[in-house]
Amino acid sequence: MKVKNLLILCLLSIFLPLCGQAQNLTIKGKIFDEKGLPKQGATVAISGTSKGTTSGVDGKYEISAPTNGTLVISFVGYTTLSIPINGKAEINATLELSTQDLKEIVVIGYGSQKKQDITSAIAAVKVGDIASRPIVNAADAITGKSPGIQVLSGSGSPGAELSVRVRGIGSPNGGEPLYVVDGVITPNLKAINPNTIESINVLKDASAAGIYGAAGSTNGVVIVTTKQGSKGKPLTEISFYTAIQQVVKKLPVLNNTEFLALQAEIGGAPLAIAPYYDVQNTNNNWQDLIYRDAPQTGINVGTSGGSEKGKYYFGAGYLTQAGIVKNSDFDRYSAKLSIEQNATDYLKIGGGLNYNRTNQTSITDNLSANFGGVITSALVTPQYVPIFYGAGSPYPGLYGTSNLYSGENPISNLYNSQNLTVSNNLLGNAFVEIALPFNIKFKSQFNTVMNNTKRDYFQDPFASLTGIPTRGAANSLYNEVFRWGLDNTLNWKKVVGSHSFDVILGTAALKETIFNSYQSAQGFGSNVVKTLNAASANYTVSTGNYEWTTNSYFGRLNYAFDNRYLATVTFRQDGSSRVGQNQRWGSFPAFSLGWKVSNEKFMENITWAQNVKIRAGWGKTGNLPPYTLLYPSYSLLNAGAPYAYNGGAASSGVSPSNQLGNSDLKWESAIQTNLGFDVSFLKNNLTLTVDYYHKKVEDLIFTQQLPLTTGGALTALNLPGFNINKGIEMSLDANIINKTDFEWNSNFNISFNKNNVEGIDENISFQTGAVQVAGSRVPLYTQIIKNNYPLGTFWGYKTNGVNPQTGNLIYGDKLEQIGSALPKYTFGFSNNFKYKNLSLSLLIDGTQGNDIYNSLRMETEAMSGFTNQSTAVLRRWQKVGDITDIPRALGNRGANAAEAAKQQNLISSHFVEDGSFVRLRNLTLGYDLDNQLVSKLGLSGVKVYFTAQNLLTLTNYSGYYPEVNAYGQGTNNQASNTGSAVSLLSLGIDRGTYPAAKTFTLGLNIQL
């Protein structure tokens, strides 16, 4: 018996401790925010395990945990809490806001940093409103939210690219910033669905961007981090919206009666119109016929989750956007996957893919009616012209035209041709991260970017007078870009007493291959088969294959002493095949210093100011030559005539082509200085940030035409001059009201920038901004690059009104500056209100001091041809003594023809207009459904919202919209169209650009 009892006692001694170790307790509780309100979505995890949950709509949670464990409660923007369980079955917690988000982690190049420790100019852009706005392009999320960053939509065409400028235009060879998505350097943001964006940070000065060296950081760096998933139970988000888009305004033009009266005045006699035109009964308002109320719909689904071992995110989206101009539209299908896994305590692996496919049908704009420009044609086609010729006309059934000039009517330009572009965009990465001894982490990341684009154009051989002579025409363009990159970094972090170190060393290799092909042909026997195999004449074929590489070494030290004195030192060395072979390598150093004045002892008794920090930085960044110069060291050759040498057999000959090599072509480099400070007032409820910057870009790369004795070749060279941007930025954030039932926070930011080109030979200038007016193919240059003038300078003759005696414009006697496309300052003003479950946000932005060259008016106010005109000509000069701003029409096809011709051939200030504007960019009204109702529906959250975009624009500009650029988006030197477009050398020009739309949206966001 004693033995049996002893055995039982031994067994109990073994199992009872195990039972005690395995004993769990069901813990319930409630999470509150800083105002004492229930906090939904807070993560409640058990320290040291993968177990976790999230609080519900009423703030409640329930979790099973060891009695001696620790709960870790966290939420973005709040201080994380660690609470010992100590056998308690109920644990409530109140989260406190992180002080002014100073502990917020900001993504910087090849790493991250606390916001409070930043010593350079970095903008952390708030992106929380993306889910309640119909954003098509990710860059639109930046608009108006940070000083020194200007986002322009040069065209309202569906799917159109946006242009981003950081602290002005750094270089004529690439004015766009460098884009980095999840660590991948990419030419643009095409592969990104805006709804998958987690954060956007913009590195504005050299001390921040210097880690990217000559990759293009002269123009700043936009770092986008997409959603990666989070620990805790799975969270699924569904968003759906539908919208209606409308043209912002229409431009008034002459009706038939006014048109005929004008024509009689121009020609001195009534206009003879062919009898098959029904002038009395045909009144086609062409703008009403081409514009429409266009729908836009988007749906996005994302699901995420994870544990201590790993996390994941998967998202998919669909967008369809009809254009406000008929026969234009844009569709996008997108998907994203991100996975991260802690394979062991020291090994982490992961990767991500972003993919989308787009289909875009576009119309021809930025051209005159004679060359198919739809927007221009809608303004200049007389209203008596029929959509289709009727019976009794020479061309029954064809699209109608005027018999007095060669342009098609706008409906013909819309429908007698087809322009379809299909693109596939892929951005991906895969990484391995290994924790080494001595707090060192090694990370190797492989990156890839792929884009292929196919554009097909077809002109109907039977429907129009322009299609019949060629029996139809078609062309097909294919372009494929494939890039891979490999980044290897070592990161060491260590705190030793009052000293904090964060060191990163790395290498980066990148290679890109570009392939393109172009085919065209004419002569189609049918309009059913629209591919080139159905053509019969005038075939042309061309192909191209290019590649380039870079290799880089870089390092950065972030140092802090006693949480008061901060320093950052960066160095990068880049080598590339895209510069001259004698100048392969470039070195780019940078540094910045910071002083947390608030942490000094002498500030202890100062209560009116908090978080005072002074920053200063200097650095050098680079810019690669444009894509048109992928092989600058080499001279190109053409096939020449065969020749025989010393009576021998004939050999193939060669002749100089259009490029003469320059082995000494150097990188463009920018030397930048930044001085700034941050300070908070009123217990951190008011925060002011001010920066001064000076950016000088030297070794400017230009293409120069050589004498005809060389065969007329072009060569690239570095000019001995500078492009200088300098300015001041200010940002003011205010938490105005922060009550239990009502919140109001606001941001105002403003940027002053002055650009100037200096140090170029006074005798050298470059004409840019070419426009073609009416049926002429001769370019007229509106802008110039010249010493002591800013980029975007309009160059022509100044006019001084209309001579009241003659009715002709009064021109100056010399060519001179007549305006500038660059604004003197830009600003943004946002406000967010919340009353209980109701929220209201609005964003106002604008520019001041910039001009627009409205070359469209050179056609709509010419008063010399047979096209329709703007109603502005109704106030034209008609008799001696008239005081007006519109010159005469009388005799413009007779005695006054020479003076009238100047209006279409002289670039003058008469067509330069003030492009300044103040715009209500976005207004959103939202309502979060009551928590109890949401809970009954089995959901975590439901929000309904209404958004209006471009609701109101105050401007003096007479065109459709003041944010316009005929040449579209600028480029960076990572984009394959860099240098092939003239957008950076030709700014603020309206050539009949696709107008912007105002948009009204109703949406629904659901959390499961």
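Residues numbered from 1 in each chain as written. Predicted model: local features only at pLDDT ≥ 70, side-chain atom pairs only at ≥ 80, totals over all residues. Heavy atoms only, no water.

Teacher, can you tell me more about the overall build of the protein chain here?
Per the secondary structure count, the protein chain includes nine helices and 47 strands. Against the compact-globule benchmark of 30 Å for 1008 residues, the protein chain has a radius of gyration of 33 Å, which places it among compact chains. In terms of its C-alpha atoms, the protein chain occupies a principal-axis envelope of roughly 130 × 80 × 65 Å. For the protein chain, the residues scored as buried account for 52% of the 1008 residues in total. The long-range fraction of contacts in the protein chain, counting pairs at least 24 apart against all pairs at least 6 apart in sequence, stands at 70%. Carbon and sulfur atoms make up 58% of the accessible area of the protein chain, which totals about 43200 Å². (Helix = DSSP H or I, 4+ residues; strand = E, 2+ residues; numbered from the N terminus. Rg over C-alpha atoms; globule rule 2.2 N^0.38 Å. Buried < 20%, exposed > 50% of the residue type's maximum accessible area, 1.4 Å probe, protein only. Contact = heavy atoms within 4.5 Å. Areas by Shrake-Rupley, 256 points an atom, 1.4 Å probe, with all protein chains shown as cover.)

Explain the pairing of strand 16 (residues 221-226) to me, please; I cannot follow it from the model alone.
Along any regular strand, the residues point their side chains to alternate faces of the sheet. Counted residue by residue, strand 16 has six buried out of six residues, so it is predominantly covered. In strand 16, alternate side chains face the same way, and those of Val221, Ile223 and Thr225 on one face and Val222, Val224 and Thr226 on the other are all buried. Relative to strand 16, strand 13 (residues 178-181) is paired through four bridges, and the arrangement is parallel. In the sheet register, Leu178 faces strand 16, and the bridge partner there is Val221. Note that strand 15 (residues 197-203) and strand 16 share six bridges and pair antiparallel. Directly across from Val202, in strand 16, lies its bridge partner Val222. (Pairing = 2+ DSSP bridges.)

When you look at the sheet that holds strand 42 (residues 851-854) in this model, what are you seeing that I'm missing?
Backbone hydrogen bonds are what pair the strands of a sheet, in a parallel or an antiparallel way. Read across the sheet, three strands follow the order 43-42-46 without closing on themselves; strand pairing throughout is mixed. At either end of the open sheet lies a strand with only one pairing partner, and these are strand 43 (912-914) and strand 46 (989-990). Relative to strand 43, strand 42 runs antiparallel, the two sharing three bridges. Following the sheet pairing, Ile852 is matched in strand 43 by Glu913.

Even after reading the chapter, I still don't get the sheet that holds strand 5 (residues 70-74), so can you show me in this structure?
Read from one edge of the open sheet, four strands run 3-2-5-6, paired in antiparallel fashion. If you trace the sheet from one side to the other, it starts and ends with strand 3 (52-54) and strand 6 (81-84), each paired once. Averaged over all pairs of adjacent strands, the angle between strand axes in this sheet comes to 20°, irrespective of strand direction. As defined by bridge partners, strand 2 (residues 43-46) adjoins strand 3 across three bridges and the pair is classed as antiparallel. Directly across from Thr43, in strand 3, lies its bridge partner Thr54. (Axes fitted to C-alpha atoms, helices over the stretch in contact; angles between N-to-C directions.)

Teacher, can you tell me more about the side chain of Ser908 here?
Its location among the elements puts Ser908 in the loop between helix 8 (897-905) and strand 43. Sequence-distant contacts of Ser908, defined by excluding residues within four places in its chain, comprise Tyr797, Thr799, Tyr811, Ile818 and Tyr853.

Honestly, the packing of aromatic side chains in this entry has me stumped. Any pointers?
Both the distance between ring centres and the angle between the ring planes are used here to describe each pair of aromatic rings. For the structure on display, the rule yields 27 aromatic pairs. Relative to Tyr395, the ring of Tyr389 has its centre 5.4 Å away and its plane inclined at 55°; by these criteria the two rings are tilted. With a relative accessible area of 35%, Tyr395 lands in the partly exposed category. Here the aromatic rings of Tyr789 and Trp795 are separated by 5.3 Å at their centres, their planes lie at 80°, and the arrangement is edge-to-face. Relative accessible area serves as the criterion here: at 23%, Tyr789 is assigned to the partly exposed category. The class for Trp795 is buried, based on a relative accessible area of 15%. One aromatic cluster in this structure is built from Phe259, Tyr276, Tyr277, Tyr384, Tyr389 and Tyr395. (Phe/Tyr/Trp six-rings, centres within 6.5 Å; stacked < 30°, edge-to-face > 60°.)

Would you explain a nonpolar patch on the surface in this entry?
Judged by side-chain polarity, Tyr835, Leu838, Leu925, Tyr927, Val944, Phe946, Leu1002 and Leu1004 come together as a nonpolar surface patch covering roughly 690 Å² of accessible area. For the nonpolar patch, the secondary structure elements donating two or more residues are strand 44 (917-928), strand 45 (941-955) and strand 47 (997-1007). Position of Leu1004 among the secondary structure elements: in strand 47. (Patch = residues over 30% accessible without salt bridge, like charges linked within 9 Å, V, L, I, M, F, W, Y side chains within 5 Å. Salt bridge = Lys/Arg side-chain N within 4 Å of Asp/Glu carboxyl O.)

Could you clarify how one ought to interpret the nonpolar core in this entry?
As a rule of thumb, soluble globular proteins bury nonpolar side chains together. Counting residues in each nonpolar core, the largest one holds 45 residues, and the members touching the most others are Val325 and Tyr960. Only helix 3 (256-267), helix 4 (286-290), helix 5 (374-380) and helix 6 (410-415) provide two or more residues apiece to this core. For this core, the element with the most residues is helix 5, which contributes five residues. The contacts of Tyr960, once residues within four sequence positions are left out, are Val247, Val248, Lys249, Lys250, Leu251, Gln287, Tyr291, Ile375, Leu379 and Pro995. Val127, Ala138, Tyr179 and Val202 belong to the second-largest nonpolar core, a separate cluster that totals 27 residues. (Core = buried A, V, L, I, M, F, W, Y, C linked by side-chain atoms within 4.5 Å.)

Would you mind going over the environment of Ser542 with me for this structure?
Tracing the chain through its elements places Ser542 in strand 26 (residues 535-561). C-alpha of Ser542 to C-alpha of Asn516: the two residues are 26 residues apart in sequence and 8.4 Å apart in space. Not counting residues within four places of it along the chain, the set of residues in contact with Ser542 comprises Asn516, Ser517 and Tyr518.

For this particular structure, what's the right way to read unusual backbone geometry?
With a phi close to 50°, Asn86 is a non-glycine residue in the positive phi region. For Asn86, the position within the fold is in the loop between strand 6 and strand 7 (93-94). Since its relative accessible area comes to 61%, Asn86 is described here as exposed.

Could you clarify how one ought to interpret helix 3 in this entry?
Note: α-helices contain 3.6 residues per turn, so residues at a spacing of three or four share the same orientation. Relative to the 16 Å expected for 12 residues at 1.5 Å per residue, helix 3 spans 16 Å between its end C-alpha atoms, a close match to the ideal helical length. Within the sequence span of helix 3, burial applies to Asn256, Phe259, Leu262, Gln263, Glu265 and Ile266. Among the residues of helix 3, the N-terminal cap falls to Asn255, whose side-chain oxygen and the backbone nitrogen of Thr257 are separated by 3.1 Å. The positive-phi residue at the C-terminal boundary of helix 3 is Gly268, with phi of around 80°. (Expected span 1.5 Å × (residues − 1). Polar contact = N/O pair within 3.5 Å; in protein donor to acceptor, adjacent residues only side chain to side chain.)

I would appreciate a short explanation of the environment of Gln869 in the present structure.
Tracing the sequence through the fold places Gln869 in the loop between helix 7 (857-860) and helix 8. Along the primary structure Gln869 and Asn281 are separated by 588 residues, whereas in three dimensions their C-alpha atoms are 20 Å apart. Ignoring any residue separated from it by four or fewer positions in sequence, one finds Gln869 in contact with Val253, Leu254, Leu262, Glu859, Thr860, Glu861, Ala862 and Met863. Here Ala862 takes part through its backbone nitrogen, which lies 3.0 Å from a polar atom of the side chain of Gln869.

So what exactly am I meant to see when it comes to the pattern of salt bridges here?
The full count for this structure, using the stated rule, is 30 salt bridges. Glu729 serves as the salt-bridge partner of Lys204, at 2.9 Å between the closest nitrogen and oxygen. Taken together, the positions of Lys204 in the loop between strand 15 and helix 2 (206-209) and Glu729 in strand 34 (residues 714-738) put the pair 525 residues apart, joining distant regions of the chain. When salt bridges with common partners are traced through the structure, they connect Glu340, Lys348, Glu433 and Lys441 into a single cluster.

What is the right way to look at the side chain of Ser146 in this model?
Here Ser146 shows up in the loop between strand 10 (122-125) and strand 11 (149-152). By relative accessible area, Ser146 is classed as buried at 7%.

Teacher, can you tell me more about the confidence of the model for the protein chain here?
Where the model shows low pLDDT, its predicted coordinates should not be examined in detail. For the protein chain, per-residue confidence averages 87 on the pLDDT scale, and residues scoring 70 or more make up 93% of the total. Mean pLDDT in the protein chain bottoms out at helix 1 (residues 2-22), which sits at 39, and peaks at helix 4, which reaches 97. When the criterion is pLDDT under 50, residues 1-22 qualifies, and its contacts beyond four places in sequence or with other chains add up to one contact. For residues 975-983, every residue scores under 50 in pLDDT, and the model assigns this stretch 23 contacts once sequence neighbours within four places are set aside. (pLDDT = per-residue confidence, 0-100.)

Teacher, can you tell me more about the pairing of strand 29 (residues 609-623) here?
Summarising the sheet, strand 28 (residues 585-596) and strand 29 pair through seven bridges and their orientation is antiparallel. Pairing of Gly594 across the sheet is with Arg615, part of strand 29. Relative to strand 32 (residues 668-681), strand 29 is paired through 13 bridges, and the arrangement is antiparallel. What sits directly across from Gly619, in strand 32, is Gln672.

What should I look at first to understand the environment of Asn283 in this one?
Looking at where Asn283 falls in the secondary structure, it is placed in the loop between helix 3 and helix 4. According to the relative accessible area criterion, Asn283 is partly exposed, its value standing at 45%. Sequence separation between Asn283 and Pro386 is 103 residues, and the spatial gap between their C-alpha atoms is 8.5 Å. Ignoring anything within four residues of it in the chain, the contact list for Asn283 reads Asn256 and Gln383.

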